[in-house]
Amino acid sequence: MKKYSTIISELDYKIILKVKQLREEKGFSQRDLSEAMKLSKSFVGKVEALGQPDKYSIRHLNLIAKALKLKSVLELIPKGIQEYDMIEITYEKIPKLNKDGSESKQFEERIIEISEI
């Protein structure tokens, strides 16, 4: 498999992971959350994709908190100070499987390594 890499702030990455976790726990698809935020249907999917430059802004955090019915935007922010400013994430794209077991044209990203910049 071909390896890819992206550079992102550790804080941005952890916020993306937290939003994804909460989104899945509350039964929202990426599209559902995008629509609840009144943004393009593909917005959350682009943010969660490692190869895309889209990230959440402070404005988005408020929209996410409202959509997921959180008590505070602080539920989306990691506690404490992050160890690193920027990190490099190395990953590979693995084809998703169709219901019949054949390979889909869609991919999922599997992280190989996260390192400090």
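Residues numbered from 1 in each chain as written. Predicted model: local features only at pLDDT ≥ 70, side-chain atom pairs only at ≥ 80, totals over all residues. Heavy atoms only, no water.

Colleague: Help me out: how do you make sense of the environment of I112 in this one?
Modeller: Inspection of the secondary structure assignment puts I112 in strand β3 (residues 103–116). Accessibility expressed as a relative area gives 39% for I112, which makes it partly exposed. As a C-alpha pair, I112 and P53 span 59 residues in sequence and 19 Å in three-dimensional space. Those residues within four positions of I112 in sequence are excluded, and the remaining contacts are K3, T90, Y91 and E92. (Helix = DSSP H or I, 4+ residues; strand = E, 2+ residues; numbered from the N terminus. Buried < 20%, exposed > 50% of the residue type's maximum accessible area, 1.4 Å probe, protein only. Contact = heavy atoms within 4.5 Å.)

Colleague: I tried to follow empty space enclosed by the protein on my own but got confused; where do I start?
Modeller: Taking a probe equal in size to a water molecule and rolling it over the atoms shows the remaining empty space. Going through the model one piece at a time under the given rule, you end up with one cavity of 30 Å³ or more. T6, I8, Y13, I16, V47, E48, A49, L50 and K55 together form the lining of the largest cavity. Mapped by element, the contributors of at least two residues to the lining of the largest cavity are β1 (3–9), α1 (10–25) and α3 (43–48). Split into classes, the residues belonging to the lining of the largest cavity amount to six nonpolar, one polar and two charged. (1 Å grid on protein atoms, 1.4 Å probe; cavity = no way out; pocket = protein on both sides within 12 Å on 5 of 7 lines; lining within 4 Å. Points joined across faces, edges and corners; volume = space filled by probe spheres on them. Nonpolar A, V, L, I, M, F, W, Y, C, P; charged D, E, K, R; others polar.)

Colleague: Which parts of the structure should I look at to understand the packing of aromatic side chains?
Modeller: The description of an aromatic ring pair uses the distance of the two centres, along with the angle that the planes make with each other. Applying the stated criterion to the full structure yields two aromatic pairs. Ring centres of Y4 and Y91 lie 5.7 Å apart, and the angle between their planes is 25°; on these two criteria the pair is classed as stacked. Separated by 87 residues along the polypeptide, Y4 in strand β1 and Y91 in strand β2 (residues 86–97) bring together distant segments of the chain. Since its relative accessible area comes to 2%, Y91 is described here as buried. The ring of Y4 has K93 lying over it, and the distance from NZ or CZ to the ring centre is 4.8 Å. (Phe/Tyr/Trp six-rings, centres within 6.5 Å; stacked < 30°, edge-to-face > 60°. Lys NZ or Arg CZ within 6 Å of the ring centre and 35° of its normal.)

Colleague: Any chance you could explain the pattern of salt bridges here in plain terms?
Modeller: A side chain of one charge can pair with a side chain of the opposite charge if their charged atoms are brought near each other. Taken as a whole and assessed by the stated rule, the structure comprises four salt bridges. One salt bridge in this structure joins E24 and R23, with 3.8 Å as the shortest N-O distance. Judged by its relative accessible area of 5%, R23 falls in the buried class. Salt bridges sharing partners connect three or more residues here, namely R23, E24 and E48. (Salt bridge = Lys/Arg side-chain N within 4 Å of Asp/Glu carboxyl O.)

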